[in-house]
Amino acid sequence: MSLVDEILKRRTFAIISHPDAGKTTLTEKLLLYGGAIHLAGSIKSRKAQRHAVSDWMEIEKQRGISVTSSVLQFDYKNFRINILDTPGHQDFSEDTYRTLMAVDSAVMVLDAAKGVEAQTKKLFKVCRERRIPIFTFINKLDRYGKIPLDLLDEVEKVLGIRAYPMNFPIGTDGKYLGVYDRQKNLIELFAEDTSHGQTERISEIFAPDDEKVIARIGQANFDALQDDLMLLDEAGEKFDVDKINAGDLTPTFFGSAMTNFGVKNFLEEYLRLAPPPAPRLSDDGIIEPNDEKFSAFVFKIQANMNPAHRDRLAFIRICSGEFKRNMEVWHAATNKIVKLAQPQQFLAQERQIIEEAFPGDIVGLFDTGIFGIGDTLTDAAHKFKFEDFPIFPPEKFARIQAKDTMKRKQFSKGIEQLTQEGAIQLFYPVGAGTDSYIVGTVGTLQFEVLQYRLKSEYKVDVLLTMLPFEVARWLKYDDDSKVTPATLRGADRGMFVLDRKENPVLILENEWSLGWISENNPKLIMNAVPFEV
Ligand code: G4P
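None of the values given here were measured: they were computed from a predicted structure.

Some details on the sheet that holds strand β28 (residues 471–477)
Strands in a sheet are paired, the pairing made by backbone hydrogen bonds, and the direction either parallel or antiparallel.
Line of reasoning, step 1. Judged by pairing direction, the sheet is antiparallel, and its eight strands sit side by side in the order β27-β24-β26-β25-β29-β30-β28-β31 without closing on themselves. Of all strands in the sheet, those with a lone pairing partner are β27 (462–467) and β31 (524–527), marking the two edges. Averaged over neighbouring strand pairs, the angle between their axes works out to 40 degrees when direction is ignored.

Quick word on the layout of surface pockets
Line of reasoning, step 1. Approximately 1,600 Å³ is the volume attributed to the largest pocket.
Line of reasoning, step 2. Taken together, 38 residues form the lining of the largest pocket, with Ile 373, Ile 391, Arg 500, Lys 501 and Pro 530 sitting closest to its centre.
Line of reasoning, step 3. Put simply, the parts of the chain that give the lining of the largest pocket at least two residues each are α4 (93–101), α11 (408–420), β25 (425–429) and β28.
Line of reasoning, step 4. Looking at the lining of the largest pocket residue by residue, the classes come out as 19 nonpolar, nine polar and 10 charged.
Line of reasoning, step 5. No fewer than three residues from each of domain 2 (280–378) and domain 3 (396–527) sit in the lining of the largest pocket.

Comments concerning the packing of aromatic side chains
Line of reasoning, step 1. Scanning the entire structure with this criterion turns up 17 aromatic pairs.
Line of reasoning, step 2. Judged by centre distance (5.9 Å) and plane angle (70 degrees), the ring pair of Phe 297 and Phe 386 falls under edge-to-face. Here Phe 297, found in strand β14 (residues 295–303), pairs with Phe 386, found in the loop between β23 (376–378) and β24 (396–402); they are 89 residues apart in sequence, far enough to count as distant.
Line of reasoning, step 3. Following the ring pairs from residue to residue traces out a cluster consisting of Phe 13, Phe 135, Phe 137, Phe 253, Phe 266 and Tyr 270.
Line of reasoning, step 4. Positioned above the aromatic ring of Phe 531, the side-chain terminus of Lys 476 is 4.6 Å from the ring centre.

A look at helix α5 (residues 118–130)
Line of reasoning, step 1. Look at α5: 19 Å from first C-alpha to last across 13 residues, which is about the 18 Å you get at 1.5 Å a residue.
Line of reasoning, step 2. All buried positions along α5 are accounted for by Gln 119, Thr 120, Leu 123, Phe 124, Val 126 and Cys 127. Taken end-on, α5 shows its buried residues confined to a sector of 160 degrees, consistent with a single buried face. Turned more than 90 degrees off the buried face of α5, the exposed positions are Ala 118, Lys 125 and Glu 129.
Line of reasoning, step 3. Looking one or two residues past α5, Arg 131 carries a phi angle of roughly 55 degrees, positive in sign.

Thoughts on the side chain of Thr 27
Line of reasoning, step 1. Note that Thr 27 resides in helix α2 (residues 23–33).
Line of reasoning, step 2. Here Thr 27 falls in the buried class, since its relative accessible area comes to 14%.
Line of reasoning, step 3. Aside from chain neighbours lying at most four places away, what touches Thr 27 is Ile 15, Leu 72 and Ile 83.

Focus: the site of the ligand
Line of reasoning, step 1. Close to the ligand lie 19 residues, the nearest being Asp 20, Lys 23, Thr 24, Thr 25 and Asp 142.
Line of reasoning, step 2. Take Thr 24: an N or O atom from its side chain is 2.3 Å from an oxygen atom of the ligand.
Line of reasoning, step 3. Within the side chain of Lys 140, one N or O atom sits 3.0 Å away from an oxygen atom of the ligand.
Line of reasoning, step 4. Sorting elements by how many residues they give to the shell around the ligand places α2 first, with three residues.
Line of reasoning, step 5. Class assignment for the residues of the shell around the ligand results in four nonpolar, seven polar and eight charged.

What counts, and where the lines are drawn
- Residue numbering note: each chain is counted from 1, following its sequence as written.
- Restriction of local features to residues with pLDDT of at least 70 applies here, the model being predicted, together with a cutoff of 80 or more for giving and counting side-chain atom pairs; totals for whole chains, interfaces and linings are based on all residues.
- Only heavy atoms go into the side-chain values, all of them from the structure, while hydrogens and water stay out.
- A strand pair is defined by DSSP finding two or more bridges across the two strands.
- Secondary structure counts use DSSP, requiring at least four H or I residues in a row for a helix and at least two E residues in a row for a strand, with both numbered from the N terminus.
- The axes used here are C-alpha line fits, helices contributing only the stretch in contact, and every angle between their N-to-C directions lies in the interval 0 to 180 degrees.
- Whether a set of points on the 1 Å grid over the protein atoms alone is a cavity depends on a 1.4 Å probe fitting there but being unable to get out, while an open set qualifies as a pocket with protein on both sides within 12 Å along at least five of seven lines; lining residues are those with an atom within 4 Å of a point.
- Grid points are joined across faces, edges and corners, and a volume is the space filled by probe spheres set on the points.
- Under this grouping Gly is polar, as are all residues other than the nonpolar Ala, Val, Leu, Ile, Met, Phe, Trp, Tyr, Cys and Pro and the charged Asp, Glu, Lys and Arg.
- Residue ranges assigned to each domain were obtained from an automatic or database domain assignment.
- Working definition: rings of Phe, Tyr and Trp (its six-membered ring) pair if their centres are within 6.5 Å, and the pair is stacked with planes under 30 degrees apart, edge-to-face with planes over 60 apart, and tilted otherwise.
- Each ring is checked for a lysine NZ or an arginine CZ that lies within 6 Å of its centre and within 35 degrees of its normal; such an atom marks a charge sitting over the ring.
- One less than the number of residues in a helix, times 1.5 Å, gives the span that helix is expected to have.
- Each residue is placed in one exposure class: buried if its accessible area under a 1.4 Å probe, protein chains only, is under 20% of its type's maximum, exposed if it is over 50%, and partly exposed if it falls in between.
- Here the arc refers to the set of directions running from the helix axis out to each C-beta atom.
- We call two residues in contact when some of their heavy atoms are within 4.5 Å.
- In this text, near means that some heavy atom of the residue lies within 4 Å of the molecule or strand in question.
- The term polar contact refers here to a pair of N or O atoms within 3.5 Å; inside protein, the definition further demands a hydrogen-donor-capable atom paired with an acceptor-capable atom, and it admits residues adjacent in sequence only when both atoms are side-chain atoms.

Shown next, in the form of structure tokens:
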């Protein structure tokens, strides 16, 4: 198969949703239809096992939330599908943002009873900023929810994107019998779900004027459908592929992941309409996926994914050319040639070594510590860098030290590794001994994860003291002279620390303190993220 054919068959996307809307269930059903699992519910059958295939870490099982982004690959008909899992919890925004850098489209799952929820809004915003196509799946149609037309209206009003219903439910709230497919002009009626969603839902397809339809759904439901469809045709948005590709129109599907209602139709229509791997911006212009020369970037790093292996993986998204096991590539961050050994892909809880991969694919590389988030890898014959990843200013701070000082070495190693993964930002107190660090994060849950992982992976119990600060500013003077606690007026109003590259940073309580520092240090330049070098 040619490189172009490989690219055209790939769809790489993330499912975004508010916790509990049904992301895990939908993922599971897509795997079921793809034949990657045989009986739905093997991922997530009981409440006690409320973790998806892609949840690796112990803490995720314990808390029932998805902490890390993960990747699943499977085939459906002629498509090769890569789903990137995004954590639904609001505290994990950084990891999620990075994951969304690696996808070509997104599927937004809404709970029909709840509509657009807080976390959906945040995730949606990131997708919108990247202008990636967004497909909407309105879930849980098997039980009472908001009225379909109201839900479409809510998507448009709350998120500011036009919605085009690809299908429309037939029946009454809580008792939908099927859907009308607006693109194909066909009616699909579902048989009762007799397997609790464990197998594909049986359905029958009819022409809209087939008499059997009225016999099956009743005159009242038939009339109501005609009214709704007329309203949509007259007042609704027109189907427009360009608008979908620009992220201005979201094709919207109604269904129920749990009972397999509308799931297959969603999958097929999504695959048909979603874009294959897109070109990417670099400092050497646009890189097309069908450029023969290999390129990729690192979007995630994770240590100790498998306790039995004690390893560290860097996840790369392939952007152009062909990936081959053991190939040698140029690593932009170190300006060195590196060999990509032991590339891995993921399905369920199994990993497998792969020989080749193509644009759109995600590959986990065994990492000895050289890779960083956002790093570019290219063919040595065409060196360039992809655009930088956004950096998020830390907003929560804590002092952290090992309870047992004998464990200092393990402690430092663990902290350094978790910093490299990008989950936390590390700062060094000025003048203090080396037994404590200052850690900055975007959310408080990350501290819990940090504590937990230091204990389970590095066997270190830590003492964590939250600090009353909310803003960090990187500092420099306009004449480039060095900022030190002695030269800075009011340094004692906050905490003066150094980042990992020994750049001075001041951590402060609030915006008001920031104003004071700014007024009293006229030569000072402050930045919410590190200055560019
Ligand atoms: P998430 O990953 O977005 O957090 O959601 P998840 O799939 O875990 O689903 C959250 C809850 O909603 C689960 O119920 C799940 O079974 C249920 N659910 C998902 N899709 C549908 C649907 O189409 N219809 C209905 N009625 N429910 C749905 P739970 O009771 O919390 O867990 P469980 O006991 O089912 O595992």
